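Observations on the model geometry
For reference, the chains in residue letters:
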There are 2 protein chains.
Amino acid sequence: MIDILRQHIIGRLGNDIDNLETVLNYFKPLSVDRNQYLVKQGEVCKYVYFIAKGCLQVFVYDNEMNETTRDIVTEGTWCSELLSFGSGKPATENIRTVEPCELLAIDKQSFQMMVETIPQFDKVYKQILETSYANSVYRINTFVALSALERVKWLMEFRPKLMTRVSSKLIASYLGINKDVFSRLKAKL
Amino acid sequence: MIDILRQHIIGRLGNDIDNLETVLNYFKPLSVDRNQYLVKQGEVCKYVYFIAKGCLQVFVYDNEMNETTRDIVTEGTWCSELLSFGSGKPATENIRTVEPCELLAIDKQSFQMMVETIPQFDKVYKQILETSYANSVYRINTFVALSALERVKWLMEFRPKLMTRVSSKLIASYLGINKDVFSRLKAKL
DNA sequence: ATAAAATGTAGACTTTTGTCATTGCATATT
DNA sequence: AATATGCAATGACAAAAGTCTACATTTTAT
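Quick caveat: nothing in here was measured; it's all calculated off a predicted structure.

What counts, and at which threshold
- Residues numbered from 1 in each chain as written.
- Chains lettered and ligands numbered in written order.
- Predicted model: local features only at pLDDT ≥ 70, side-chain atom pairs only at ≥ 80, totals over all residues.
- Heavy atoms only, no water.
- Buried < 20%, exposed > 50% of the residue type's maximum accessible area, 1.4 Å probe, protein only.
- Helix = DSSP H or I, 4+ residues; strand = E, 2+ residues; numbered from the N terminus.
- Pairing = 2+ DSSP bridges.
- pLDDT = per-residue confidence, 0-100.
- Least-squares fit on C-alpha atoms with pLDDT ≥ 70 in both.
- Contact = heavy atoms within 4.5 Å.
- Axes fitted to C-alpha atoms, helices over the stretch in contact; angles between N-to-C directions.
- Near = heavy atom within 4 Å.
- Polar contact = N/O pair within 3.5 Å; in protein donor to acceptor, adjacent residues only side chain to side chain.
- Nonpolar A, V, L, I, M, F, W, Y, C, P; charged D, E, K, R; others polar.
- Buried area = accessible area lost by both parts, 1.4 Å probe.
- Salt bridge = Lys/Arg side-chain N within 4 Å of Asp/Glu carboxyl O.
- 1 Å grid on protein atoms, 1.4 Å probe; cavity = no way out; pocket = protein on both sides within 12 Å on 5 of 7 lines; lining within 4 Å.
- Points joined across faces, edges and corners; volume = space filled by probe spheres on them.

All names here are of chain B. Because side chains alternate across strand β7 (residues 94-97), one face comprises the buried residues Asn-94 and Arg-96, and the other comprises Ile-95 and Thr-97, equally buried. As paired elements, strand β2 (residues 37-39) and β7 share two bridges and run antiparallel to each other. Counterpart to Val-39 in the pairing with β7 is Ile-95. Pairing of strand β4 (residues 55-61) with β7 involves four bridges; the strand directions are antiparallel. Pairing of Phe-59 across the sheet is with Asn-94, part of β7.

Our next topic: the confidence of the model for chain A. Chain-level pLDDT for chain A is 92 on average; 100% of the residues reach the 70-or-more range. Looking at the elements of chain A, mean pLDDT is at its lowest for helix α2 (residues 20-25) of chain A, recorded as 84, and at its highest for helix α8 (residues 168-175) of chain A, recorded as 97.

As a further point, take the relation of the copies chain B and chain A. Superposition of chain B onto chain A requires a rotation of 179° combined with a translation of 0.1 Å along the rotation axis, giving an RMSD of 0.1 Å. This pairing of chains is accounted for by a two-fold axis. By C-alpha distance to the rotation axis, the residue of chain B lying nearest is Tyr133(B), at 2.5 Å. Both copies present the same face, since 100% of the interface residues in chain B are matched by interface residues at the equivalent positions in chain A.

Quick look at the sheet that holds strand β5 (residues 67-74) of chain B now. All names here are of chain B. If you walk across this open sheet you meet the four strands as β2-β7-β4-β5, and the pairing is antiparallel. In this open sheet, the two edge strands, each paired with only one partner strand, are β2 and β5. Shown here is a sheet whose adjacent strand axes are inclined to one another by a mean of 30°, direction ignored. When β4 meets β5, the two strands line up antiparallel, connected through seven bridges.

Moving on to the protein's contact with DNA strand D. Near DNA strand D there are 15 residues, and of these Ser168(A), Ala148(B), Asn178(B), Asp180(B) and Arg184(B) occur at the shortest range. The sugar and phosphate moieties of DNA strand D supply 55% of its atoms located within 4 Å of the protein. Interatomic distance of 3.2 Å between a side-chain N/O atom of Lys186(A) and a phosphate oxygen of DNA strand D. Secondary structure elements with two or more residues in the surface near DNA strand D: α8 and α9 (179-188) of chain A together with α9 (179-188) of chain B. Per-element accounting of the surface near DNA strand D gives the leading share, five residues, to α9(A). Class assignment for the residues of the surface near DNA strand D results in three nonpolar, five polar and seven charged.

All names here are of chain A. Of all seven residues that make up strand β8 (residues 101-107), six are buried, and the element is covered over most of its length. Where strand β1 (residues 28-32) lies against β8, five bridges are found, and the strand directions are antiparallel. Bridging from a neighbouring strand, Ser-31 pairs with Glu-102 of β8. The sheet contact formed by strand β3 (residues 47-53) and β8 spans six bridges and is antiparallel. For Tyr-49, the partnering residue across the bridge sits in β8 and is Ala-105.

On to the interface of chain B and chain A. Taken together, the contact between chain B and chain A spans 22 residues of the former and 23 residues of the latter. Overall, the association of chain B and chain A removes approximately 2,300 Å² of surface from exposure, summing both partners, and the carbon and sulfur fraction of that is 71%. Linking chain B to chain A there are zero salt bridges. At the surface where chain B touches chain A, the tally comes to four residue pairs in polar contact (both at pLDDT 80 or more). Elements represented by at least two residues in the side of chain B that touches chain A include exactly β5, α3 (82-87) and α5 (122-143) of chain B. A per-element tally of the side of chain B that touches chain A places α5(B) first, with twelve residues. Taken together, the residues of the side of chain B that touches chain A sort by class into twelve nonpolar, five polar and five charged.

Another aspect to go through is the protein's contact with DNA strand C. Taken together, 13 residues surround DNA strand C, and among them Ala148(A), Asp180(A), Arg184(A), Ser168(B) and Lys186(B) come closest. Those atoms of DNA strand C that come within 4 Å of the protein belong to sugar or phosphate at a rate of 52%. Within the side chain of Arg184(A), an N or O atom sits 2.8 Å from a base oxygen of DNA strand C. Of all the secondary structure elements, the ones that give two or more residues to the surface near DNA strand C are α9 of chain A together with α8 (168-175) and α9 of chain B.

With that settled, consider the layout of surface pockets. Residues and elements named next belong to chain A. In this structure, the second largest pocket encloses a volume near 1,000 Å³. Along the walls of the second largest pocket sit 33 residues, with Asp-62, Asn-66, Glu-67, Thr-68 and Ser-173 positioned nearest its centre. No other element matches the four residues that α8 contributes to the lining of the second largest pocket. Each residue belonging to the lining of the second largest pocket can be placed in one class, and the counts come to eleven nonpolar, twelve polar and ten charged.

Here is the structure:
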């Protein structure tokens with residue numbers, strides 16, 4: 001399992017990293033059932049997770065406990081409530097497993113030790129932050145002006161695998177449209 | 001004008017900074033007319049701007065040249081297409097003055113020299129990035145699930161000054177709703 | 001100061017989206 | 001195996017949002 005992370009890091013920083021194996025030892029492998037919370041709104045996010053296998057939902061609750069999903073994240077990527085992880089302040093979002101997952105978790109202390117051990121690793125946090133920011137910006141610029149139908153088309157073009165992998169309910173909350181509407185629009189296409 | 005930036009930096013890093021005045025000298029003051037582009041989609045963003053006075057619009061064009069506004073930024077804050085500035089890749093967004101502006105601009109070379117001169121300044125980039133990310137996340141989680149009316153209410157609660165300061169057209173493109181709808185909803189409240 | 005251009009509002013109408021109730025199906029639970 | 005639970009699809013209807021036109025007003029440019 002750890003090999004997936006090894007490949008990921010080599011892909012980003014190159015394979016001339018001295019203490020790569022030491023670094024990898026900082027990560028704790030976790031097997032998690034589906035529908036388990038990794039992060040809860042209001043609590044501090046203590047880990048950054050690398051998803052070796054599975055799928056996570058990043059979302060918030062509104063007043064009526066409806067879910068709005070900001071992101072659906074699958075294997076080969078990082079996931080965390082970064083701002084809480086970085087600052088130690090309460091998280092503003094929830095993260096929950098959508099499927100049984102294989103995760104590699106690193107806590108803040110280890111993360112900081114890692115940064116000291118391997119100067120290059122400082123870049124990783126920055127890279128994750130920049131990627132996260134880029135995704136958010138993209139999402140705002142893409143979604144805000146799109147109609148429900150256009151959002152569905154977007155999904156089918158750019159994240160087609162999600163259509164079959166996760167529930168319609170989840171996708172609807174990701175697209176910001178009603179689940180009944182989503183069902184109808186799918187039928188239309 | 002430079003004093004506004006001085007105060008801003010002191011407010012963030014404290015006033016025990018050795019070379020503060022040297023740092024401030026890196027910034028070029030700019031007076032810009034309204035409706036001038038600071039950054040264009042497709043071109044590289046070469047500066048980070050501090051807004052001493054005025055108002056900027058951060059937006060994208062869609063296929064029909066409609067504008068979608070991701071942010072409206074006023075004095076006392078930083079503004080840039082950070083990802084382009086950081087990577088040297090083409091910008092994905094446009095930035096344009098909404099009013100005549102007094103800006104303080106710093107280019108990348110100066111920015112990097114500054115980071116070397118004042119180690120603390122490394123934090124500034126990270127802070128700007130984190131703040132930008134936090135804003136984006138907030139915006140997604142807030143807006144995606146809100147109706148047009150709720151978005152207008154949100155604006156009146158959290159950014160009431162914009163209502164009188166900038167055009168309804170601009171606000172509508174910021175809220176992601178039609179300008180006629182925006183006009184009607186305002187009348188309702 | 002004046003003309004030109006852009007903006008804001010309003011009404012009538014169309015289209016899109018949301019809500020609710022119903023049904024069938026699949027998946028857990030005991 | 002029987003029951004409960006959650007999810008997806010559909011129809012009927014209500015509500016919201018978008019479009020288009022017209023017109024008044026404000027702002028900008030000359």
